Every structure is written in structure tokens, then in C-alpha cells.
Amino acid sequence: LNDDSVAPPQHAWRRRLNSHANILKEFSVTFMEAVKMVQLGIRLWSYVREEASYGRVSNSCSAWQSC
């Protein structure tokens, strides 16, 4: 065994917990992606409203009890 208590373990975090992490580009949303998601949300909302007007619960609304 290595008794060097100063060195971090081999699989330890390499960044301090109070450091500011860079936001990964893969997890940021561009303006155009946000616009497309808003359009999709509006279409989904209108579909759920239409199904509710017929007295049916849509598949996308089955997990939500307030629909």
C-alpha cells in the first residue's frame, strides 16, 4: 500500500468543490432550439386541450392528474 496521505487517491475529484465549473456546450440550449421547444409545447398543449374537450385523457397527459 501507498501511505502517501498528501496525494489524492487515483480516482478522486480533480476539481475543488468551491471552484466554478464551465458550462458544457452540450447541455446549453441555443435560441433556435428554445423556439422549437416552445412550438412543440404549444402543439402538445393544444392537443391535450382538444382531447379534454371530447372528455378523453390524452396519452401525454396520463401521468398528470390535473389534466
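Provided above is the structure to which this section pertains.
Cut-offs used in this document
- Residues numbered from 1 in each chain as written.
- Predicted model: local features only at pLDDT ≥ 70, side-chain atom pairs only at ≥ 80, totals over all residues.
- Heavy atoms only, no water.
- Helix = DSSP H or I, 4+ residues; strand = E, 2+ residues; numbered from the N terminus.
- Areas by Shrake-Rupley, 256 points an atom, 1.4 Å probe, with all protein chains shown as cover.
- Buried < 20%, exposed > 50% of the residue type's maximum accessible area, 1.4 Å probe, protein only.
- Polar contact = N/O pair within 3.5 Å; in protein donor to acceptor, adjacent residues only side chain to side chain.
- Salt bridge = Lys/Arg side-chain N within 4 Å of Asp/Glu carboxyl O.
- Expected span 1.5 Å × (residues − 1).

Looking at the overall build of the protein chain
Regarding its fold elements, the protein chain presents one helix and zero strands. Per element, the accessible surface of the protein chain, about 7100 Å² overall, is 59% carbon and sulfur.

As for the environment of Glu 51
With respect to the element layout, Glu 51 can be found in helix α1 (residues 31-53). For Glu 51, a relative accessible area of 12% puts it in the buried group. Within polar-contact distance, the side chain of Glu 51 engages the side chain of Arg 56 at 2.9 Å.

Some details on the pattern of salt bridges
Taken as a whole, this structure holds one salt bridge when the rule is applied. Among the ionic pairs, Glu 51 bridges to Arg 56, the shortest N-O distance being 2.9 Å. Taking the relative accessible area as the measure of exposure, Arg 56 reaches 45% and is therefore partly exposed.

Here's the deal with α1
Between the first and last C-alpha of α1 there are 33 Å, a value that for 23 residues agrees with the 33 Å anticipated at 1.5 Å per step. Count one or two residues on from α1 and you reach Gly 55, which has phi positive near 85°.

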